[in-house]
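# Coordinate inspection notes
Residues per chain, in single letters:
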Amino acid sequence: MKKVSWLIKATLITLCFLSPLILASGCAGNESLEGQASAYRVQASKLFNEFSENETASNEKYVGKVLEVMGTIKGVNINPEGEINLSFEVNDMGAVSCSFSKDDSPQIASLKAGEVINVKGLCLGFLLDVVLENCVIINPKDV
Amino acid sequence: MKIQVVVVLMLLFGTASMLQAQQKVMTKTGEASFFSKAPLEDIEAHNKQVVAIIDLSSKEIAVKMLIKQFNFEKSLMQEHFNENYMESDKYPSATFSGKIEESPEILLTESGEYEVKIVGELQIHGIKKPWETMATLTVKDGKVSAKTNFKVKTADFKIEIPKLVIKNIAETIDVNLNFSFEPIS
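These notes cover the structure that comes with them.

Rules used in this analysis
Once a new chain begins, its residue numbering starts again from 1 and follows that chain's sequence as written. Here chains are named by letter from A upward and ligands by number from 1 upward, in the order in which they appear as written. Given that this is a predicted model, residues contribute local features only at a pLDDT of at least 70 and side-chain atom pairs are listed and counted only at 80 or more, while totals for whole chains, interfaces and linings are drawn from all residues. For side-chain calculations, the full set of non-hydrogen atoms in the structure is used, while hydrogens and water are omitted. Between Lys or Arg on one side and Asp or Glu on the other, a salt bridge is scored when a side-chain nitrogen of the former is within 4 Å of a carboxyl oxygen of the latter. Helix and strand labels come from DSSP, where a helix needs a run of H or I of at least four residues and a strand needs a run of E of at least two; each type is numbered from the N terminus. The cut-offs for exposure are 20% and 50% of the maximum accessible area for each residue type, with area from a 1.4 Å probe on protein chains only; residues under the lower value are buried, those over the upper are exposed, and the others partly exposed. By definition in these notes, contact holds between two residues if any of their heavy atoms fall within 4.5 Å. Here the buried area means the combined drop in accessible surface, using a 1.4 Å probe, for two parts upon being joined, counting both sides. Within 3.5 Å is the distance limit for a polar contact, defined as a pair of N or O atoms, with the added protein rule that one can donate a hydrogen and the other accept it, and that residues adjacent in sequence qualify only through two side-chain atoms.

### Some details on the pattern of salt bridges
Per the stated rule, a full pass over the model turns up 12 salt bridges over all chains. Among the ionic pairs, K61 of chain A bridges to E50 of chain A, the shortest N-O distance being 3.3 Å. Of this pair, K61 of chain A sits in helix α3 (residues 55-62) while E50 of chain A sits in helix α2 (residues 44-53), and the two are 11 residues apart along the sequence. Take K61 of chain A: its relative accessible area is 28%, and that puts it in the partly exposed class. Residue E50 of chain A is classed as buried on the basis of its relative accessible area, which comes to 19%. Among the salt bridges present, the one from D89 of chain B reaches K68 of chain B, with a minimum N-O distance of 2.6 Å. Taken together, the positions of D89 of chain B in the loop between α3 (75-85) and β5 (93-101) and K68 of chain B in the loop between β3 (60-66) and β4 (71-72) put the pair 21 residues apart, joining distant regions of the chain. By relative accessible area, which is 16% here, K68 of chain B ends up buried.

Now the structure itself:
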């Protein structure tokens, strides 16, 4: 009886330690980047040009890293996943594309083409655009 | 010399003459999904942001997708997929470049459905393999859509599945691609 009681207590204590990890792992990939330091601060046009000129080297340098990107807004729209998407102007062929959480939609939707802003996001890679996700707007006062 | 898919994509996208541009079609919202059926678990994931371009004149085709844009029902599986199986920070994209073969001339101005063979090179997890698949191309009202499905063996692309989860993940994955193109103007 004492052995069973000890076993139950040990299991409960283990679960108490593990449950935050289990909950955290269930939410993996959607953490806010607001408090996270950026690995690089870079102009949108420079970022795009680096990927265009050498995708392999740029993947190694930027993919999986949090980047702070500065540039002029090309447009704001909704992507196929229902997330609000902002693109930085680069050239006719591509852009730096930043997706935000649905919670940030009202703030992002109010931005206009031609505005200059700073965005922080996780770099996923390069299609015809450089793709960033989990993006947040950087307050210029915090730069 | 093999040309990187991104160069092919940009060449197809950016260098058309006015006349040829009418015969080039593109999508940035192509859909790719894969399905794994294993004894203990069925897993599926979807990516709705696939880029694909077809030059109907030269019959060249290029497709590119980011691995991290595949969405799973379970976020923990998505994390394992990216970090352990696909190593997507190291190999962020999967690509295909090739040509439509054995098909009649396809014109945007002529509606029709074509069963075509696509031959080229598939790259997944940093491994490139010669690849071919049958696809259905449909032209209707000046627009093109395409769909195909094929099977991929994880071992062929050095995607290692730990023995611990071998009954959770199939060794051969079913892949479906579905694209609705717009003419490049």
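### Concerning the interface of chain A and chain B
Every contact between the two is made by 23 residues of chain A and, on the other side, 26 residues of chain B. Both faces combined, the contact of chain A with chain B buries some 2,100 Å², and carbon together with sulfur accounts for 63% of it. The three residues of chain A that bury the most area against chain B are M93, L127 and L128 of chain A, which together make up 33% of that side's buried surface. The salt bridge involving K64 of chain B is made with E55 of chain A; its shortest N-O contact spans 2.6 Å. If you look at where chain A meets chain B, you find 2 residue pairs in polar contact (both at pLDDT 80 or more). Elements with a minimum of two residues in the side of chain A that touches chain B: α1 (2-26), α2, α3 and β5 (116-126) of chain A.

All we've got here are geometric facts, nothing functional implied.
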